[in-house]
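Each chain, letter by letter, is given below.
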Amino acid sequence: MNYRHAFHAGNFGDCMKHALLVWLLRALQRKPAGLFVLDTHAGAGRYDLSAGPAERTGEWRAGIGRLLDEPPAALADYVSLVRDCGLYPGSPMLIEAMLRPQDRLTCCELHPEDHATLRATMAGGETSVPQTSVHRRDAWEALGGLLPPPGGLRRALVLIDPPYEATDEFSSLAAGLARGHARFPTGVFAAWYPIKHRAPVRAFRVAMRDSGLRDIVTAELWLREPLDAARLNGCGLLVVNPPFGFMAAAEPILAALLARLGTGEAGQGFAVERIADE
Ligand SMILES: C[S@@+](CC[C@H](N)C(=O)[O-])C[C@H]1O[C@@H](n2cnc3c(N)ncnc32)[C@H](O)[C@@H]1O
């Protein structure tokens, strides 16, 4: 496990994932019933962008660094949560900041140092709320073991955000989605993926379309043509069972991200597409 999210925190991939995550969570919280949120690849929780790995790569400057001042309306909720956090919040901190008393959050992180940091920060740590728990547990196993939701909760949002270090991560993702969905078919599953080269993404989309799962939407953002396998040229979020209004809401979010983060390079753009019917 060489991937450390601290090097990439706050980059455009994080901004896209986190802005859509905030919308998904708010949409699910329109109903008063409690919600179980499972963050399968949680990372370290929050990141100091002014020091260490994030400062060294500076990726955040072309991401959250361009959104903080006068954010567009579609990104205002997300940026306000980031500002409130102080440090750049990873997915666990963003989710935790939005939890209501009736909601529960479970985070899984396998890397020993990031798990320790996450645990020190959240479960029993300084920002701890009683509804949060942190596990050092394999994400793919957790998708079977931690669903359906505990404690009688009947609704779930599952964020799956692998590091894509392994060459077969798209296959693991497709299998993990199938496993989680089999355990809890009404859950909302949101899986982030990188767009470097076109071929792996196209194969993943075909695999998901043919998976037998229904009601699948993808939101994708490209900064340039996805022709260089060594570069993060774009990213996507695949959502199974999206809440009502997701497609209509994702478009202005992606448009606002592109307007601020776009490089003007050939091939930049975004798309929100349904790849499997309800
Ligand atoms: C992209 S980062 C997560 C970032 C986080 N979701 C966020 O948005 O702030 C992926 C994380 O997954 C962890 N990881 C990798 N393989 C895992 C596995 N099989 N189970 C649980 N965590 C894993 C890595 O250590 C890394 O911290």
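As a reminder, the structure under discussion sits directly above these lines.
Residues numbered from 1 in each chain as written. Predicted model: local features only at pLDDT ≥ 70, side-chain atom pairs only at ≥ 80, totals over all residues. Heavy atoms only, no water.

**Examining the packing of helix α1 (residues 12-28) against helix α3 (residues 76-85)**
Contact geometry for α1 and α3: axes closest at 9 Å, N-to-C directions at 105°. Taken as axis vectors, α1 and α3 run roughly perpendicular relative to one another. Each of Asp14, Cys15, His18, Ala19, Val22 and Arg26 in α1 lies in contact with α3, whose residues at this interface are Asp77, Tyr78 and Leu81. (Axes fitted to C-alpha atoms, helices over the stretch in contact; angles between N-to-C directions. Helix = DSSP H or I, 4+ residues; strand = E, 2+ residues; numbered from the N terminus. Parallel < 35°, antiparallel > 145°, perpendicular 65-115°, else oblique. Contact = heavy atoms within 4.5 Å.)

**Overview of the packing of aromatic side chains**
Throughout the structure, instances matching the rule amount to 6 aromatic pairs. An aromatic cluster is defined as three or more aromatic residues linked by ring pairs; in this entry it consists of Tyr164, Phe170, Trp192, Tyr193 and Phe204. In this structure, Lys17 packs its charged tip against the face of Trp192, placed 5.4 Å from the ring centre. (Phe/Tyr/Trp six-rings, centres within 6.5 Å; stacked < 30°, edge-to-face > 60°. Lys NZ or Arg CZ within 6 Å of the ring centre and 35° of its normal.)

**Section: the pairing of strand β1 (residues 36-39)**
If a strand is regular, its side chains alternate between the two faces of the sheet. Burial along β1 is two-sided: Phe36 and Leu38 and Val37 and Asp39, pointing in opposite directions, are all buried. Across 4 bridges, β1 lies against strand β4 (residues 104-108) in parallel orientation. Bridging across to β4, Asp39 finds its partner in Cys107. In terms of strand pairing, β1 meets strand β6 (residues 156-160) through 4 bridges, oriented parallel. Note on β6: the bridge partner recorded for Phe36 is Ala156. (Buried < 20%, exposed > 50% of the residue type's maximum accessible area, 1.4 Å probe, protein only. Pairing = 2+ DSSP bridges.)

**Things to note about the environment of Pro162**
Positionally, Pro162 belongs in the loop between β6 and α7 (169-183). Residues Pro162 and Ala139 lie 23 residues apart in sequence; the distance between their C-alpha atoms is 8.6 Å. Excluding its chain neighbours within four sequence positions, the residues that come into contact with Pro162 are His41, Trp140, Glu169 and Trp192.

**Remarks on the site of the ligand**
Inspection of the region around the ligand gives 20 residues, with His18, His41, Glu109, Asp138 and Asp161 positioned closest. Between the ligand and Glu109, the relevant distance is 2.6 Å, taken from an oxygen atom to a side-chain nitrogen or oxygen of the residue. Contacts to the ligand include Asp161, whose side-chain N or O atom sits 2.7 Å from a nitrogen atom. Protein contacts shield 95% of the accessible area of the ligand, which totals 600 Å² for the unbound molecule. Grouping the constituent residues of the shell around the ligand by class yields 6 nonpolar, 8 polar and 6 charged. (Near = heavy atom within 4 Å. Polar contact = N/O pair within 3.5 Å; in protein donor to acceptor, adjacent residues only side chain to side chain. Areas by Shrake-Rupley, 256 points an atom, 1.4 Å probe, with all protein chains shown as cover. Nonpolar A, V, L, I, M, F, W, Y, C, P; charged D, E, K, R; others polar.)

**Observations concerning the environment of Glu59**
By the secondary structure assignment, Glu59 is in the loop between α2 (52-57) and α3. In this view, Glu59 contacts Phe7, His8, Asn11 and Ala54; residues no more than four positions away in its chain are not counted. Among the polar contacts listed, one links the side chain of Glu59 to the side chain of His8, at a separation of 2.9 Å.

**Remarks on unusual backbone geometry**
Keep in mind that most residues, glycine aside, have a negative phi and that most peptide bonds are trans. Between Leu147 and the following residue, Pro148, the backbone shows a cis peptide bond with an omega angle of 0°. Although it is not a glycine, Tyr164 sits at a positive phi angle of roughly 55°. Turning to its location among the elements, Tyr164 is positioned in the loop between β6 and α7.

**Description of the pairing of β6**
Where burial is concerned, most of β6 is hidden: 5 out of the 5 residues are buried. Relative to strand β7 (residues 188-195), β6 runs parallel, the two being bridged by 4 bridges. Counterpart to Val158 in the pairing with β7 is Phe189. Of the crossover connections in this fold, the one passing from β6 over α7 to the parallel β7 is right-handed. (Right-handed = clockwise from strand over helix to strand, strands pointing away.)

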